[in-house]
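Chain residues, written in single-letter form:
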Amino acid sequence: MYNETIAGLLAKIESAIYLLVALFLVIMALMSFFIVGKDMAQFMFEPFSMNTLVHGLQDLLVTLIIAELIQTVIVYIESHQLDLKLILGAGLTAMIRRVLVFGVEKIPWEEMAITAVLIVALVVAIYYIGDKKIRIERSSQK
């Protein structure tokens, strides 16, 4: 009985933490939308440049990464399962964002090669994992 009470309390604390994480991610997504809007305003009021376009696209990809993280938290809260495809998708989006930086900044070739290997590894992992999910189960000891 005592162990079940403690386990129940810890489960509620865990849910509250995930709820706070989701709330902070939503706030971050709204802030990133504001930044993307500011980037789009630069297209209208400043001469077009490739750097402005890449910067706007990078900010938009950050918003997508945050949205994917929110979706991961929602799936976990609803089903207590981690959707590996969502997590790997967020990683792939981050790597694609990194590739866009290569066009703006001078990056050593080693870093480009590592990024390319990571992108291939993520794509292969997404392909092989498919729709598998990791189920988090709580066991009660008696």
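Note that residues are indexed from 1 along each chain, following the sequence as it is written. Predicted model: local features are reported for residues with pLDDT of at least 70 only, side-chain atom pairs are reported and counted for 80 or more only, and whole-chain, interface and lining totals are derived from all residues. Hydrogens and water are ignored here; the side-chain numbers use all heavy atoms of the structure.

**Student:** Which parts of the structure should I look at to understand the overall build of the protein?
**Tutor:** Scanning the protein from terminus to terminus reveals four helices and two strands. Counting from the N terminus, the helices are DSSP H or I runs at least four residues long and the strands are E runs at least two residues long. In the protein, the succession of helices and strands from N to C terminus is α-α-β-α-α-β. Atoms considered for the radius of gyration are the C-alpha atoms alone. The globule rule reads 2.2 Å times the number of residues to the power 0.38. In summary, the protein has a C-alpha radius of gyration of 20 Å against a globular reference of 14 Å for 142 residues, an excess of more than 25%. Residues counted as buried form 25% of the 142 residues belonging to the protein. The long-range share in the protein, meaning contacts at least 24 apart out of those at least 6 apart in sequence, stands at 72%. For the area figures, the Shrake-Rupley method with a 1.4 Å probe applies, and any residue is considered shielded solely by the protein chains shown. Accessible surface, the protein: about 10200 Å² in total, of which carbon and sulfur atoms supply 72%. Mean positive and mean negative side-chain charge positions of the protein (11 and 13 charges, respectively) differ by 6 Å. Three labels apply to residues, based on accessible area from a 1.4 Å probe with only protein chains included: buried if under 20% of the type maximum, exposed if over 50%, partly exposed otherwise in between. Contact definition: two residues touch when any of their heavy atoms are within 4.5 Å. For the purpose of charge, His is not counted, nor are the chain termini; Lys and Arg are scored as positive and Asp and Glu as negative. Charged side chains are reduced to one point each, which is NZ for Lys, CZ for Arg, CG for Asp and CD for Glu.

**Student:** How should unusual backbone geometry be read in this particular structure?
**Tutor:** Outside of glycine, negative phi angles account for most residues, and trans bonds account for most peptide bonds. Despite not being glycine, H80 has its phi angle at roughly 55°, a positive value. By the element assignment, H80 lies in the loop between α2 (50–79) and β1 (81–83).

**Student:** Looking at this model, I keep getting lost on helix α1 (residues 2–45). Mind explaining?
**Tutor:** Residues separated by three or four positions in an α-helix point in the same direction, a consequence of the helix having 3.6 residues per turn. By this rule the span expected of a helix is its residue count minus one, scaled by 1.5 Å. Over its 44 residues, α1 extends 65 Å from the first C-alpha to the last, a length consistent with the 64 Å expected when each residue adds 1.5 Å. Every buried residue of α1 is listed here: A11, A22, L25, A29, S32, V36 and D39. Each element contacted by the buried residues of α1 is listed here: α2.

**Student:** Is there a simple way to explain the pattern of salt bridges in this structure?
**Tutor:** A pairing counts as a salt bridge when a side-chain nitrogen of Lys or Arg comes within 4 Å of a carboxyl oxygen of Asp or Glu. Counted under the stated rule, the structure contains one salt bridge. Put simply, R98 and E111 hold a salt bridge, and the shortest N to O gap is 2.1 Å. On the criterion of sequence distance, the pair formed by R98 in helix α3 (residues 84–102) and E111 in helix α4 (residues 109–129) is long-range, its members being 13 residues apart.

**Student:** What should I look at first to understand a nonpolar patch on the surface in this one?
**Tutor:** Residues with no salt bridge and a relative accessible area higher than 30% make up the patches, which join like charges within 9 Å and nonpolar side chains (Val, Leu, Ile, Met, Phe, Trp, Tyr) within 5 Å. There is a patch of nonpolar side chains on the surface, built from Y2, I6, L9, L10, I13, I17 and V21 and spanning about 680 Å² of accessible area. Following the sequence through the fold, L9 ends up in helix α1. A relative accessible area of 52% places L9 in the exposed class.

**Student:** Quick question: what am I supposed to make of the packing of aromatic side chains here?
**Tutor:** Aromatic rings in a pair are described by how distant their centres are and how their planes are angled relative to each other. Stacked, tilted and edge-to-face pairs are distinguished by plane angle, under 30 degrees for stacked and over 60 for edge-to-face with tilted covering the rest, among Phe, Tyr and Trp rings (Trp via its six-membered ring) whose centres lie within 6.5 Å. Within this structure, the stated rule accounts for two aromatic pairs. An angle of 35° between the planes, with centres 4.4 Å apart, marks the rings of Y18 and Y76 as tilted. Taken as a pair, Y18 in helix α1 and Y76 in helix α2 lie far apart in primary sequence, 58 residues in all.

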